[in-house]
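# An overview of the molecular structure
The lines below spell out each chain.
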Amino acid sequence: MSAVVFAHHGMTPAERLRDAGWVAFVALVLGIPLIGLTTVDAGGRLEVATRFGMLALFVAVAFIGRIALRLTLDHLRVRRLGRERAAAAADGGRGLAQRIVTVLGWFALGAAFTLPLIFSGNRYVVDTATTVLIYVMLGWGLNVVVGLAGLLDLGYVAFYAVGAYSYALLSTQYGWGFWEALPVSGALAASFGILLGYPILRLRGDYLAIVTLGFGEIIRIILVNWTEFSNGPNGISSIPRPSFFGLEFTRRPAEGEQSFAAFFGLDYSPMQRLIFLYYVILVLALLTHAFVSRLRKLPVGRAWEALREDEIACRAMGMNTTNIKLSAFAIGAMLGGFAGVFFAARQGFISPESFVFTESAIVLAIVVLGGMGSQMGVVLAATLLVLIPEFGRNFAEYRMLLFGAAMVLIMVWKPGGLLSHREPTLRLDAPATGTEGAR
Amino acid sequence: MNALLSVHKLTMRFGGLTAIDELSLEVPAGKITGIIGPNGAGKTTLFNCLTGFYKPTSGHLRLAHPVRGEMRLERLASHKVVRDAQVVRTFQNIRLFPKMTVLENLIIAQHNRLQRASKFSLAGLFGLPGYRAAEAEAVERAATWLTRLKLESLADHAAGDLPYGIQRRIEIARALCVEPVLLCLDEPAAGLNPRESAELNELLVHLCRERGIAILLIEHDMSVVMNVSDHIGVINYGRKIAEGTPAQVQNDPQVIKAYLGEDDEDASGEVAA
């Protein structure tokens with residue numbers, strides 16, 4: 001690396017002049033026919049005229065421009081190398097990527113909080129951002145099962161559906177509110193996770209993937225066919241929206257209720273509800289993130305990762321792999337259930353159409369593309385996977401082609417996922433010396 | 001001789017193949033017992049039976065646990081053999097958690113203790129002092145073994161990126177973090193250079209003499225087995241063919257026959273033909 005630096009530093013002024021001279025010569029050779037000679041119309045016939053002044057100017061510009069370009073490029077290259085080397089010296093090259101991710105994370109958080117304030121009049125932006133956050137939350141939930149515990153789950157949408165339908169039914173049939181139904185629906189989804197987990201404890205890899213795929217389909221087919229329970233393909237409509245501590249987001253609130261706009265003395269606008277929903281999912285997603293990050297540093301989280309690494313070694317360390325797998329399925333399913341509850345509350349209408357296999361595939365793609373087990377990777381991948389099809393709307397029928405091409409390109413460029421760096425859950429509090437002999 | 005583990009008429013059949021055939025063996029407490037035998041003799045199968053990975057076809061595995069009293073290992077699931085009976089093994093082909101750091105590998109070995117302290121993760125989730133103390137203790141224990149095995153400078157490196165000899169040491173350190181009563185090492189010297197296997201000898205003797213851990217050792221490296229074992233059992237075709245001190249075993253005609261082949265007319269005639 002240093003040889004390259006010296007090679008560029010070592011370019012003497014004479015060499016620079018010679019280099020620029022060559023470029024000027026080429027400019028001259030090309031310039032004679034292009035600039036030096038020109039045709040003029042002299043009373044009905046063409047005559048060749050010369051423009052040697054302009055040619056000289058052209059060659060001079062090429063000469064000086066070449067020197068300037070070379071100097072700028074060299075300067076930039078030296079500076080970049082210097083920066084890389086300083087970073088490598090500072091922390092052995094390990095922390096730089098991590099620091100960038102951390103900064104990126106705080107930036108994303110700030111952007112997420114201010115976004116609806118900036119785009120408070122733009123319904124499309126707030127809606128799309130809400131969709132991104134739903135997928136982020138689903139990705140974080142599935143990350144527990146696939147990214148941490150290494151259990152390939154192709155039926156994750158089933159838990160999303162369980163959460164959505166339990167809120168839809170609890171609210172429309174029994175008049176439950178969003179906040180009461182949220183924990184119950186999460187618990188219900190978690191028990192479905194355990195229900196799925198039990199029969200497949202012995203399965204791994206491809207076999208596990210097929211059974212979970214089947215489970216996802218079973219749930220959807222039940223929802224389509226059990227009309228008395230789920231209203232079949234017609235779905236469930238007029239699901240109540242979450243209220244702001246009892247204040248509703250309607251123009252004319254129900255008898256004895258107060259509306260959000262009236263309480264705060266604002267003019268009613270449908271955007272208020274959208275922005276509120278956006279903040280609800282943002283807070284839910286952040287809670288999920290805090291929860292999963294904390295679990296990862298606890299024995300159960302480390303056990304999930306150990307299970308992903310080597311199940312036999314786990315048993316040889318006295319770990320009950322049954323419980324570890326079931327806990328991963330339960331926690332993942334619970335988070336998916338929470339996302340489902342929010343989805344139902346936001347849409348106001350759900351039908352089995354929303355819970356097809358493609359959804360599972362997209363969430364799985366988010367986890368894999370983001371880098372298995374990486375929380376920030378999920379955010380990045382979810383943003384990409386939601387936004388690429390949105391931008392792709394301009395390309396009409398080529399939209400999914402674009403989507404597929406983008407995914408292939410990402411996997412070629414970064415086979416381990418966008419952010420594949422793994423941060424240890426704990427470090428030894430020893431002075432960081434004596435790292436010689438590490439490799 | 002008070003036996004820590006007594007293997008009584010252990011038989012393990014896989015379909016028509018009898019991998020272990022009525023094997024009886026005693027492992028004394030606080031001593032190093034070597035198990036040798038040609039490839040395919042059934043040594044690793046014995047380990048798999050001992051640690052619950054295989055259910056033996058018949059026979060008994062009695063462990064005289066110093067605290068919990070007599071335990072029947074063949075009746076326990078593999079994770080309970082480790083958790084309750086404190087019989088811990090290593091693997092012939094190293095099985096670390098490769099992407100996790102060395103320290104994390106050693107912390108995972110203390111999973112059950114930490115999981116209990118974390119109270120189903122609730123105490124851990126809220127960072128209660130009881131859990132934090134347990135975690136600090138676990139790190140302390142890991143650090144002690146890392147220092148003892150000269151691994152402390154590598155604590156925060158991914159275990160899978162380290163050289164083979166070091167991975168072997170990490171696997172032993174990880175097994176020690178479980179605080180075993182009986183440590184079963186499956187070819188711990190395989191792939192080690194002479195200096196590393198000399199260090200291994202010294203470590204095994206230390207564990208046994210100073211820490212009172214009984215060791216059951218499968219090994220092909222005779223410089224390790226013969227130097228450290230108090231007692232050696234020789235297995236061939238799933239049966240015990242000899243037993244005794246290293247010196248006795250080395251001079252046993254049966255053992256020489258098993259390792260070097262039979263020295264009779266028929267065999268040499270076939271080879272010549």
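Remember, predicted model here, so these are calculated numbers, not experimental data. (Residues numbered from 1 in each chain as written. Chains lettered and ligands numbered in written order. Predicted model: local features only at pLDDT ≥ 70, side-chain atom pairs only at ≥ 80, totals over all residues. Heavy atoms only, no water.)

### Section: the nonpolar core
One finds Trp304, Ile350 and Phe355 of chain A together with Leu204 and Ile215 of chain B to be the most contacted residues of the largest nonpolar core, which totals 158 residues. What Ile350 of chain A contacts, discounting residues up to four positions off in sequence, is Ala164, Tyr165, Ala168, Gly235, Ile236, Ile239, Phe343, Ala344 and Phe355 of chain A. Grouped together as the second largest cluster of nonpolar side chains are 30 residues, Met12, Leu23, Leu50 and Ile235 of chain B included. (Core = buried A, V, L, I, M, F, W, Y, C linked by side-chain atoms within 4.5 Å. Buried < 20%, exposed > 50% of the residue type's maximum accessible area, 1.4 Å probe, protein only. Contact = heavy atoms within 4.5 Å.)

### Brief notes about the side chain of Thr425 of chain A
Tracing the sequence through the fold places Thr425 of chain A in the segment after helix 17 (399-413). Side chain to side chain, Thr425 of chain A and Arg302 of chain A meet in a polar contact 3.3 Å long. Within the structure, Thr425 of chain A has its side chain in polar contact with the side chain of Glu104 of chain B (distance 2.6 Å). The contacts of Thr425 of chain A, once residues within four sequence positions are left out, are Arg296, Lys297, Arg302 and Glu305 of chain A together with Glu104 of chain B. (Helix = DSSP H or I, 4+ residues; strand = E, 2+ residues; numbered from the N terminus. Polar contact = N/O pair within 3.5 Å; in protein donor to acceptor, adjacent residues only side chain to side chain.)

### What to know about the domain arrangement of chain B
The accessible area lost on association of the parts is a frequent measure of interface size. Residue and element names in this part refer to chain B. Split by domain assignment, chain B resolves into domain 1 (1-86 + 180-273) and domain 2 (95-178). Across the contact, 21 residues belong to domain 1 and 13 residues belong to domain 2. Taking both sides of the interface into account, the surface hidden between domain 1 and domain 2 amounts to around 1,400 Å²; carbon and sulfur atoms contribute 64%. For Arg148, the salt bridge identified is with Glu202, shortest N-O distance 3.5 Å. Remark: the boundary between domain 1 and domain 2 carries three residue pairs in polar contact (both at pLDDT 80 or more). Considering every element that reaches the side of domain 1 that touches domain 2, the biggest residue donor is helix 8 (residues 194-211), with eight residues. (Domains from an automatic or database assignment. Buried area = accessible area lost by both parts, 1.4 Å probe. Salt bridge = Lys/Arg side-chain N within 4 Å of Asp/Glu carboxyl O.)

### A short note on the domain arrangement of chain A
Here chain A is partitioned into domain 1 (2-91) and domain 2 (95-413). Centre-to-centre separation of domain 1 of chain A and domain 2 of chain A, based on C-alpha positions: 56 Å.

### Describing the environment of Glu84 of chain A
The residue Glu84 of chain A is located in helix 3 (residues 52-91) in this model. A sequence separation of 218 residues divides Glu84 of chain A from Arg302 of chain A, and the C-alpha atoms of the two residues are 33 Å apart.

### Re the sheet that holds strand 9 (residues 231-236) of chain B
All names here are of chain B. Sheet architecture is open: six strands sit in the order 6-7-8-3-9-10, paired in mixed fashion. Because the sheet does not close on itself, it has two edges, and the strands there are strand 6 (87-89) and strand 10 (239-244). Direction aside, neighbouring strands of the sheet carry axes that sit 20° apart on average. By the bridge criterion, three bridges tie strand 6 to strand 7 (residues 182-186) in an arrangement that is parallel. By the bridge assignment for strand 7, Arg89 is matched with Cys184. Contacting strand 6 and strand 7, helix 7 (residues 164-177) runs over the sheet at an angle of about 160° to strand 7. (Pairing = 2+ DSSP bridges. Axes fitted to C-alpha atoms, helices over the stretch in contact; angles between N-to-C directions.)

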